[in-house]
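# Structural overview
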Amino acid sequence: MERVKEWIRYAALMMAIAATMPLLSAQVKVETETQIDKGEVPDRARQFIARIAPTKNENWYREQNLKEVAIEVKLKKEGDRYSIKFTEEGEILDVEKEIKWKQIPTEPREEIEEELEEMFDRYRIEKIQVQYRGSAQDLITYIQTGKQRKVKKSMQYEIVVNGKRKGKYHLYEATFDREGDDESLERILTRRTDNMEF
């Protein structure tokens, strides 16, 4: 109950902040993430993770924004970092894998670089994730084998950037499709209530 009250207070504050911000092409992303016990995780989500075992450093979170609540697990598998998101009922939503800049193919990487230079006066990339959506089985196959054939059409790049716009630095999340064309730009207003390292 206290967590709910805390979230309501936080959401009201963030909406007030967003309402006073000047209108920019960037939207505002407001969310909070709270670590939860594995016992609070829906069975379907736990079963999905069991099917990609073995994994390491498994940590579960409840992610809440102004529109919805999701369950997310952050883990490592064979040296790679994954964030896997589910609905509150445990239905798979997407799989994100952390990658490096040079792992993006040349053509979309060059397109993304041009887009970022247009978006910001100056910027520094903080994190890059490649995101996939699809059926549970197709996403499990991707995680286990790296084969993208059945999920490639859904591919997106999510890039967290510390960027300067109109003389001020803020943290942003820029999303690009698999060709490198920009899909969205959101200024991040995030409250992490627990240690998010994994």
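Parameters at a glance
- Residues numbered from 1 in each chain as written.
- Predicted model: local features only at pLDDT ≥ 70, side-chain atom pairs only at ≥ 80, totals over all residues.
- Heavy atoms only, no water.
- Helix = DSSP H or I, 4+ residues; strand = E, 2+ residues; numbered from the N terminus.
- Buried < 20%, exposed > 50% of the residue type's maximum accessible area, 1.4 Å probe, protein only.
- Contact = heavy atoms within 4.5 Å.
- Areas by Shrake-Rupley, 256 points an atom, 1.4 Å probe, with all protein chains shown as cover.
- Pairing = 2+ DSSP bridges.
- Salt bridge = Lys/Arg side-chain N within 4 Å of Asp/Glu carboxyl O.
- Expected span 1.5 Å × (residues − 1).
- Arc of directions from axis to C-beta.
- Phe/Tyr/Trp six-rings, centres within 6.5 Å; stacked < 30°, edge-to-face > 60°.

A separate point is the overall build of the chain. Scanning the chain from N- to C-terminus turns up four helices and nine strands. In sequence order, the secondary structure elements of the chain are arranged as α-β-α-β-β-β-β-α-β-α-β-β-β. Out of the 198 residues in the chain, the part that is buried amounts to 43%. Nonlocal contacts in the chain, meaning residues at least 24 apart in sequence, comprise 57% of its contacts between residues at least 6 apart. Counting only carbon and sulfur atoms, one obtains 44% of the accessible surface of the chain, whose full area is about 11600 Å².

Where strand 7 (residues 156-165) meets strand 8 (residues 168-177), 10 bridges bridge the pair, whose relative direction is antiparallel. Its bridge partner being in strand 8, Arg-165 is matched across the sheet by Lys-168. Hairpin geometry of strand 7 and strand 8 is characterised by an intervening segment of two residues between the two adjacent antiparallel strands and by a positive phi of about 50° at Lys-166.

The final tally for this structure, using the stated rule, is 11 salt bridges. Here Asp-80 ties to Lys-97 by a salt bridge, and the two come within 3.5 Å at their closest N and O atoms. Residue Asp-80 is found in strand 4 (residues 80-86), and its partner Lys-97 is found in strand 5 (residues 92-99); the two are separated by 17 residues along the sequence. Judged by its relative accessible area of 18%, Lys-97 falls in the buried class. Linked through salt bridges whose partners overlap, the residues forming this network are Lys-29, Glu-31 and Glu-173.

So, about the pairing of strand 5. The buried fraction of strand 5 is high, at six of eight residues. In this sheet, strand 5 lies alongside strand 4 in antiparallel orientation, the contact comprising five bridges. Across the sheet, the residue bridging to Ile-84 is Val-95, located in strand 5. Connecting strand 4 to the antiparallel partner strand 5 that follows it, the hairpin turn spans five residues, and Gly-90 within it adopts a positive phi of roughly 100°.

So, on to helix 3 (residues 106-119). With 14 residues, helix 3 extends 20 Å from end C-alpha to end C-alpha; this agrees with the ideal 20 Å at 1.5 Å per step. Within helix 3, burial applies to Pro-108, Arg-109, Ile-112, Glu-115, Leu-116 and Met-119. The buried residues of helix 3 occupy one face: seen down the axis, they fall within an arc of 125°. Turned more than 90 degrees off the buried face of helix 3, the exposed positions are Glu-107 and Glu-118.

Moving on: unusual backbone geometry. At the junction of Ala-53 and Pro-54, the peptide bond is cis and its omega measures out at 5° in the coordinates. Positive phi is not limited to glycine here, since Lys-166 has a value of about 50°. Topologically, Lys-166 is positioned in the loop between strand 7 and strand 8. The exposure class assigned to Lys-166 is exposed, which follows from its relative accessible area of 70%.

So, about the packing of aromatic side chains. Applying the stated rule across the entire model yields five aromatic pairs. The interplanar angle of 50° and the centroid separation of 4.4 Å between the aromatic rings of Tyr-132 and Tyr-142 together place this pair among those described as tilted. Taken together, the residues span a long stretch of sequence, with Tyr-132 in strand 6 (residues 122-132) and Tyr-142 in helix 4 (residues 136-145) at a distance of 10 residues. Among the residues examined, Tyr-132 registers a relative accessible area of 1% and is labelled buried.

These figures come from the coordinates and say nothing about function on their own.
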